[in-house]
Amino acid sequence: AIDAFCSQKGIIKTCDAVLAASGSGFEGVYLAVWNLIVLVEGSQLELYIQTVRPLKLRAEDGPGRGQAKQMVSSDLAELYIQAAEIKHPFDKLIKSIGEATGAKVN
């Protein structure tokens, strides 16, 4: 059944159209989530921007620039393991940023 589906005439164009449509379909979802964040955490956004902007600039211009490599995996178990491995260090980092800036971090 999969071979028959994949060998259909024009399947690549059809798949490209579906991907394009689904990408634009999520824009409304992203906008709704952003609007909810602004509504609920609007007072914290400016503090977030003030905190993150210099960190982002340092990361872009710092000595490690261009050395980071993005890891991409489609294996759900591998992604889960990677997330579990980084959770504690990430939580510590976020907590330290909150303490240094007075930002509310949950």
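Source: prediction; values computed, not measured.

The rules behind these values
- For every chain, the first residue of the written sequence is number 1, and numbering continues from 1 onward in sequence order.
- Local features in this predicted model are restricted to residues whose pLDDT is 70 or higher, and side-chain atom pairs enter the listing and the counts only when it is 80 or higher, whereas totals over whole chains, interfaces and linings include all residues.
- The basis for every side-chain value is the complete set of heavy atoms in the structure, and neither hydrogens nor water enter the calculation.
- Comment: elements are numbered from the N terminus, with helices defined as DSSP H or I runs of at least four residues and strands as E runs of at least two.
- When a residue's accessible area, from a 1.4 Å probe over protein chains only, is under 20% of the maximum for its type it is buried; when over 50% it is exposed; and in between it is partly exposed.
- All accessible-area figures derive from a Shrake-Rupley calculation using a 1.4 Å probe, and residue coverage is judged against the displayed protein chains alone.
- Like charges are joined within 9 Å and nonpolar side chains (Val, Leu, Ile, Met, Phe, Trp, Tyr) within 5 Å, but only among residues with over 30% relative accessible area and no salt bridge; these make up the patches.
- Here a salt bridge means any side-chain nitrogen of Lys or Arg lying within 4 Å of a carboxyl oxygen belonging to Asp or Glu.
- pLDDT gives the predictor's per-residue confidence on a scale running from 0 to 100.
- Pairs of N or O atoms are called polar contacts if they sit within 3.5 Å, as long as, within protein, a hydrogen donor faces a hydrogen acceptor (for residues adjacent in sequence, only side-chain-to-side-chain pairs).
- By definition, residues are in contact when any of their heavy atoms lie within 4.5 Å.
- A helix is expected to reach a length of 1.5 Å times the quantity of its residues less one.
- To get the bend at a residue, fit one axis to the 7 residues ending there and another to the 7 starting there, then take the angle between the axes.

So, on to the overall build of the chain. Within the chain, the secondary structure is distributed over three helices and zero strands. Starting at the N terminus and ending at the C terminus, the chain contains elements arranged as α-α-α. Within the span of the chain, comprising 106 residues, buried residues form 6% of the whole. Within the structure as shown, the chain displays about 9500 Å² of accessible surface, and the carbon and sulfur contribution to it stands at 65%.

So, about a nonpolar patch on the surface. Taken together, the side chains of Phe26, Val29, Tyr30, Leu31, Val33, Trp34, Ile37 and Val38 present a nonpolar region at the surface, about 770 Å² in accessible area. Inspection of the secondary structure puts Val29 in helix α2 (residues 11-61).

Looking at the chain as a whole, the pLDDT averages 80, with 89% of positions reaching at least 70. Of all secondary-structure elements in the chain, the lowest mean pLDDT belongs to α2, at 80, while helix α3 (residues 76-101) reaches the highest, 85.

Before going further, it helps to examine the pattern of salt bridges. Scanning the entire structure with this criterion turns up two salt bridges. Glu41 is the partner of Lys104 in a salt bridge, and the nearest nitrogen-oxygen pair spans 3.7 Å. One end of the pair, Lys104, is in the segment after α3; the other, Glu41, is in helix α2, with 63 residues separating them in the sequence. Among the residues examined, Lys104 registers a relative accessible area of 51% and is labelled exposed. Taking the relative accessible area as the measure of exposure, Glu41 reaches 27% and is therefore partly exposed. In this structure, Asp91 engages Lys87 in a salt bridge whose closest nitrogen and oxygen atoms are separated by 2.5 Å. Of the two residues, Asp91 and Lys87 both sit in helix α3, four residues apart, roughly one turn of that helix.

If you trace the backbone, Thr51 turns up in helix α2. Looking at Thr51, the relative accessible area reads 15%, which means it is buried. Of the polar contacts made by the side chain of Thr51, one reaches the backbone oxygen of Leu47; its length is 2.8 Å. Thr51 has contacts with Ile97 and Thr101, leaving out every residue within four places of it along the chain.

On to α3, then. For α3, built from 26 residues, the straight-helix expectation of 38 Å at 1.5 Å per residue is met to within 8% by its first-to-last C-alpha distance of 35 Å. Of all bends in α3, the biggest is about 40°, found at Lys87, and the proline Pro89 comes one to four residues later. Gly102 lies just past α3 and shows a positive phi near 80°.

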